[in-house]
Amino acid sequence: MGNFLAGKVVAVTGAGRGIGRAVAIAAAAEGARVVVNDYGVSVDGSSPTSEVAEAVVKEIVATGGEAVAVADDVSTMAGGQRIVDVALSSYGRLDGVVCVAGILRERMLFNMTEEEWDSVVATHLKGTFTLFRAASAVMRKQRGGTLIGFTSGNHQGSVSQANYSAAKGGIISLVRSAALGLHKYGVTANAVAPVARTRMSAGVPMELAEIGEPEDVAALVVYLLSDRAREGGVTGQVYTIAGAKLAVWAQPRELRAAYAVGGWTPEAIAEFLPGAVGVDAMPMLAQVAAMEEAARGGARPNAQ
Ligand SMILES: NC(=O)c1ccc[n+]([C@@H]2O[C@H](COP(=O)([O-])OP(=O)(O)OC[C@H]3O[C@@H](n4cnc5c(N)ncnc54)[C@H](O)[C@@H]3O)[C@@H](O)[C@H]2O)c1
């Protein structure tokens, strides 16, 4: 066991499998007491079971760590609150929350049902809000803490997962809002966009050029939860970790602007926009075109 997180109490959602499980185990190995939350559902969010969270608690306890299971659904306000309440009643404080829980309901936009949209946005985006909401109230009083959301490279857009992409984009804005609003209370907020071999990524219909294991992602999360990251002023950031690769995403910013004295008309915009303001080419559009080309040639398409 290391001591990167000695004395800390950390709650991890979706901690029964995949990346969340690796984060919970790594946090415990670094000295944290861990609330292991998992609703125990299939990739599409169905068939909940409490055994998945309990199994990870047993694994942690068997190696000498401390952990407690919560099998609630993070997409409910009561679920988010219960995770925080269990941290406080079991361990007396809460230093970090890591919102990893997620599901997929893949469908082209023109065929997507309301239920497919709502369930994905509820699990990812609302499921991050419910825990951030409950945890930030505690961390504000404590004058310290760390919030971590899970996004995806797909926040740039997705051909057949508009629900997932929109939720992941929302998580980045939620993280940045938390970073801004809680800065004065000593609370940091960051997002992780992982690429790792799990049951969720197993269904991706392309070769991923850069991919790693859940344990690689856990190493980044342990660092972000630690005093080393807080002392380094790391907040409002989005990091990708994909095996050997660790990358930071740019903050959104305006690229070019033009000004019109007396305001813009459609005619003036038609004249000035193409040259003076222009477009910022969409990298994902080029990538999708290359994948379609490869698929036409019979190859399994490559993607970043
Ligand atoms: N694996 C990747 O390459 C990859 C890439 C980009 C983003 N992500 C994101 O990383 C996170 C973890 O993904 P993973 O690959 O480990 O998936 P996974 O399917 O292995 O694990 C997700 C876990 O979340 C749990 N869960 C689902 N709904 C829940 C709910 N309402 N309440 C509590 N728990 C719930 C599931 O039971 C499951 O154990 C997700 O947010 C995913 O979108 C993963």
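What this report covers is the structure whose coordinates are included nearby. Just so you know, these numbers come straight off a predicted model, no measurement behind them.

To continue, consider the packing of aromatic side chains. Within the structure shown, the criterion is met by 1 aromatic pair. Relative to F272, the ring of W264 lies with its centre 6.1 Å away and its plane at 70°, an arrangement referred to as edge-to-face. What makes W264 partly exposed here is its relative accessible area of 38%.

On to the layout of surface pockets, then. Each pocket or cavity is described by its volume, and for the second largest pocket that value is around 460 Å³. In terms of lining, the second largest pocket is formed by 18 residues, of which the most central are H155, A250, Q251, P252 and D280. Here the lining of the second largest pocket spans two domains, and each of domain 1 (9–248) and domain 2 (266–303) adds at least three residues to it.

This brings us to the pairing of strand β5 (residues 145–150). Successive side chains on a regular strand alternate, one facing one side of the sheet and the next facing the other. With 6 of 6 residues buried, β5 lies mostly within the body of the structure. Because side chains alternate across β5, one face comprises the buried residues G145, L147 and G149, and the other comprises T146, I148 and F150, equally buried. Where strand β4 (residues 96–99) lies against β5, 4 bridges are found, and the strand directions are parallel. Each residue of the ladder has a partner; that of V98, found in β5, is I148. Here 6 bridges tie β5 to strand β6 (residues 187–194), and the two strands are oriented parallel to one another. The residue of β6 that forms the bridge with F150 is V192. Handedness of the crossover joining β5 and β6 through helix α5 (residues 162–182) is recorded here as right-handed.

What follows deals with the environment of S47. Summarising the element assignment, S47 is placed in the loop between β2 (33–37) and α2 (51–62). The exposure class assigned to S47 is exposed, which follows from its relative accessible area of 56%. As for S47 and R133, which are separated by 86 residues in sequence, their C-alpha atoms are 27 Å apart. Excluding residues within four positions of it along the chain, S47 makes contact with G40 and V41.

On to the packing of helix α3 (residues 77–91) against helix α4 (residues 114–142), then. The contact between α3 and α4 brings their axes to 8 Å, and the two run at 40°. As the angle between them shows, α3 and α4 are arranged oblique. Read as a crossing pair, α3 and α4 show a hand that is right-handed. Residues M77, G80, Q81, I83, V84 and L88 of α3 form the contact with α4, whose participating residues are K126, F129, T130, L131, R133, A134, A135 and V138. Residue classes in the contact of α3 with α4 are distributed as 9 nonpolar, 3 polar and 2 charged.

Bringing the site of the ligand into the picture now. As a matter of local geometry, the ligand sits amid 30 residues, with D38, D73, Y164, T198 and R199 nearest to it. Contact with the protein chains hides 96% of the accessible area of the ligand, taken as 830 Å² for the molecule alone. At the level of elements, α1 (18–29), α4 and α5 are the ones that each hand at least two residues to the shell around the ligand. Looking at the shell around the ligand, its residues break down into 13 nonpolar, 11 polar and 6 charged.

Rules behind the numbers
Just so you know, the residues in each chain are numbered from 1, in the order the chain's sequence is written. Under the rules for a predicted model, residues below a pLDDT of 70 receive no local features and side-chain atom pairs below 80 are neither given nor counted, while totals for whole chains, interfaces and linings still include all residues. To get the side-chain values, take all heavy atoms of the structure and skip hydrogens and water. Only the six-membered ring of Trp is used, alongside the rings of Phe and Tyr, when aromatic pairs are assigned; centres must lie within 6.5 Å, and planes under 30 degrees apart are stacked while those over 60 apart are edge-to-face, with the rest tilted. Think of it in three bands: residues with accessible area under 20% of the maximum for their type are buried, residues over 50% are exposed, and the middle band is partly exposed, with areas taken using a 1.4 Å probe on protein chains only. Both site types are read off a 1 Å grid over the protein atoms alone. A 1.4 Å probe that fits but cannot get out defines a cavity, while an open set with protein on both sides within 12 Å along at least five of seven lines defines a pocket; lining residues have an atom within 4 Å of a point. Grid points are joined across faces, edges and corners, and a volume is the space filled by probe spheres set on the points. Segmentation into domains, and thus their bounds, comes from an automatic or database assignment. Secondary structure elements are taken from DSSP: a helix is a run of H or I of four residues or more, a strand is a run of E of two residues or more, and numbering for both begins at the N terminus. Two strands make a pair as long as DSSP finds a minimum of two bridges between them. A clockwise path from the first strand over the helix to the second, with the strands pointing away from the viewer, defines a right-handed crossover. Any pair of residues with heavy atoms lying within 4.5 Å of one another is described as a contacting pair. Geometry is summarised by axes, namely lines fitted to C-alpha atoms with helices restricted to the contacting stretch, and by angles between N-to-C directions that run from 0 to 180 degrees. Oblique is the label for any angle not covered by the other classes, which are roughly parallel (under 35 degrees), roughly antiparallel (over 145) and roughly perpendicular (65 to 115). For a crossing to be left-handed, the near helix must be turned anticlockwise from the far one by less than a right angle; the clockwise case is right-handed. Residues are grouped as follows: Ala, Val, Leu, Ile, Met, Phe, Trp, Tyr, Cys and Pro are nonpolar; Asp, Glu, Lys and Arg are charged; all remaining types, including Gly, are polar. Residues are classed as near a molecule or strand on a simple rule: at least one heavy atom within 4 Å of it. Only the protein chains shown count as cover for residues, and all accessible areas are computed by the Shrake-Rupley method using a 1.4 Å probe.

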